[in-house]
Amino acid sequence: MFRPYRRASQFAVFLLMFGIPLLNLWEIYAITGTFYAINIGGLGIADPSAILQSMFAAGQFAPPILFSVFFPVLFAFLFGRVWCGWMCPYHVISDGVAWARGKVRGMIGGSSEPETWVFLDPFKANVTRYSFLLLGTAAAGIMGIPVLNYVNAPGILSAEAMILVRNLTISIEMGFIAIVLLVELLFLPRFWCRLFCPTGAVVSLFRAPFTLRVVSASNKPGSPCCKEEQCSAACPMGLAPYREGGNLLCTNCARCIDACRGEKGAGLLGFRGFQD
Amino acid sequence: MIDEFIGFFRRVFAHGENPFSRDYIHNRMRPPGAAPEQSFMALCIRCNRCLEVCPFGSITRAGLGPTIGTPYVLAERKACYLCMACTRLCPTNALESSLRNPEQARMGKAVINTSICYSHLFADRDALPRDAGARIGALCNTCYNVCPLQDKAIMLQGNLFPIVLDECVGCGICVERCPTRPKRAINVVPTGMGRPDESGFYFRKARKHFDVSRKTVAGDQSGVLKGDDLMDAKERIDGSGGAPKFTFPYEVDKGLKDWE
Ligand code: SF4
Ligand code: SF4
Ligand code: SF4
Ligand code: SF4
Ligand code: SF4
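The rules behind each value
- Residues numbered from 1 in each chain as written.
- Chains lettered and ligands numbered in written order.
- Predicted model: local features only at pLDDT ≥ 70, side-chain atom pairs only at ≥ 80, totals over all residues.
- Heavy atoms only, no water.
- Pairing = 2+ DSSP bridges.
- Helix = DSSP H or I, 4+ residues; strand = E, 2+ residues; numbered from the N terminus.
- Axes fitted to C-alpha atoms, helices over the stretch in contact; angles between N-to-C directions.
- Domains from an automatic or database assignment.
- Buried area = accessible area lost by both parts, 1.4 Å probe.
- Salt bridge = Lys/Arg side-chain N within 4 Å of Asp/Glu carboxyl O.
- Polar contact = N/O pair within 3.5 Å; in protein donor to acceptor, adjacent residues only side chain to side chain.
- Nonpolar A, V, L, I, M, F, W, Y, C, P; charged D, E, K, R; others polar.

Draft legend 1. Layout of the sheet that holds strand E3 (residues 71-74) of chain B. Residues and elements named next belong to chain B. Judged by pairing direction, the sheet is antiparallel, and its three strands sit side by side in the order E1-E3-E2 without closing on themselves. The sheet is open, and its two edges are formed by strand E1 (28-29) and strand E2 (59-61), each paired on a single side. Pairing geometry for E1 and E3, over two bridges, is antiparallel. Following the sheet pairing, Met 29 is matched in E3 by Val 73.

Draft legend 2. Quick peek at the sheet that holds strand E3 (residues 43-46) of chain A. Residue and element names in this part refer to chain A. Pairing in this open sheet of three strands is antiparallel, and the strands run E1-E2-E3 from one edge to the other. The sheet is open, and its two edges are formed by strand E1 (31-34) and E3, each paired on a single side. For this sheet, the mean inter-axis angle between neighbouring strands, taken without regard to orientation, is 15 degrees. In this sheet, E3 lies alongside strand E2 (residues 37-40) in antiparallel orientation, the contact comprising four bridges. Note that in E3 the partner of Ile 40 across the bridge is Leu 43.

Draft legend 3. Looking closely at the domain arrangement of chain A. Residues and elements named next belong to chain A. Annotation of chain A at the domain level lists domain 1 (3-78 + 88-210) and domain 2 (212-276). With centres defined by C-alpha atoms, the gap from domain 1 to domain 2 works out at 25 Å. Summed over both sides, the interface of domain 1 with domain 2 buries roughly 1500 Å², with 45% coming from carbon and sulfur. Note that Asp 95 and Arg 255 form a salt bridge whose closest N and O atoms lie 2.9 Å from each other. The tally of links between domain 1 and domain 2 comes to 12 residue pairs in polar contact (both at pLDDT 80 or more). When residues of the side of domain 1 that touches domain 2 are traced back to their parent elements, those giving at least two are helix H1 (3-25), helix H6 (89-107), helix H7 (122-143) and helix H10 (191-196). By residue number, the principal contributor to the side of domain 1 that touches domain 2 is H7, which donates five residues. For the side of domain 1 that touches domain 2, the class distribution of residues is eight nonpolar, three polar and eight charged.

Draft legend 4. Structural context of the pairing of E2(A). All names here are of chain A. Sheet analysis places E1 next to E2, joined by four bridges and oriented antiparallel. Note that in E2 the partner of Thr 34 across the bridge is Ala 37. Remark: two residues form the turn of the hairpin made by E1 and E2, two consecutive strands paired antiparallel. Taking the residues between adjacent antiparallel strands as the criterion, E2 and E3 are bridged by two residues, where Gly 41 takes a positive phi near 55 degrees.

Here is the structure:
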């Protein structure tokens, strides 16, 4: 079971968001910053999508700035989009919203219906979010403002958390988060992470043959290994994990692995290289 | 409406101006070491690390508008105390990270409005504003006393009233402490914001040179200045005062017109 570990990681990062400014209030500066850009013991780490925006907007190319995306990119090459599945503070709220939506649907009797993943298949979802990223980056270049940072969900959340800790207020940008969450609750579950988020789109890009991914031990590649397909029902990104573990959308959250009952009660899904 | 639209496009295309980064207000500066406004708006990723680390709580996050999320120092609320903690943390060099010397910060420049400054009023006109007596002595000079670059950025003219010098870094401490209300008698003009009192200075000076030369050459021959006399006359020409009619694309504080 990966779930307890994933939750622990998500909540740890969520609390860190409040912990960093608190430490700084107590004048401990070992770790500073927000999830746009963070500094751990002198090592700068920045959100690659924010840096991309800033580079395009300013039209300059500064090596020290590029260095700050080295670790996120390396991390993505090794473990895939785990930032999204295991850490992002927006994602954990979105998990809560999806859970609440499930409850509400259960109460009004629509629980047997599958979720509305049909809205866009994974290919179209990828096309949507990369178009959004490209358009946003082009707009940043033209306008000279890193515009996509205005809709950087994890960044906004952590900046707001910091302001909440420091000044006991929140600012107008929280409204953006509220609107997105409301849409997820009422109409399109998970739409932000699937269809738009620039951070998610950029960190998904770095994939190599050796990147961690979900694979099925079934000998029927491409078709469901069992009748229930619990894995597809569990996937928050709307993938069919037994064949799409390598899709750019996959966050390696391991929900599918936890859900898989397999053919004879033994799970067939696992992370490549870590199967039993 | 249509004029504004045309003006907007002209500024963008003919003058290459970035319409999203020409938003200046008095007493609202970028933190020290900030890149010129246009590059700053491009570089700053709104991470707010500068805000987080400022031990004085000087930096605020801009609200709704194109600058949303970017850092500002609002001098009337809380000035920058030039500790230079924020500059070294900026991940994108929107704040020059190598800047350590506060004297090299260029956040803006303070300007004294002599028509409401207590010290100037007292020194110039022997007058004490009606409401001032209870709060201050006749010679206030608070700005001089609080300035971290005392005698470099601001000095006392004849030990009586303050004047701001070129070394002023625009930290805004003087603004924060200046006792006049509702308007402060000293205000910081942020870097990048034009100043009506400086605009056209050289143009006006050249113009007066021309006028003096013309008058002395073409006019009454007996009064013609030549050689050293002409040079003396020219050297005494002062281009200040009488600002030409320019329109400024930002809010102009009328009180600043005849500073100094
Ligand atoms: S897609 Fe964006 S909002 Fe969603 S989990 Fe990833 S970084 Fe967070
Ligand atoms: S630290 Fe730099 S990039 Fe971050 S908000 Fe401040 S000025 Fe902008
Ligand atoms: S120099 Fe120090 S006081 Fe001034 S804005 Fe930066 S951190 Fe705050
Ligand atoms: S603090 Fe204000 S009123 Fe006092 S001398 Fe300075 S400018 Fe004048
Ligand atoms: S005069 Fe001194 S206190 Fe005022 S803004 Fe300039 S440097 Fe700061």
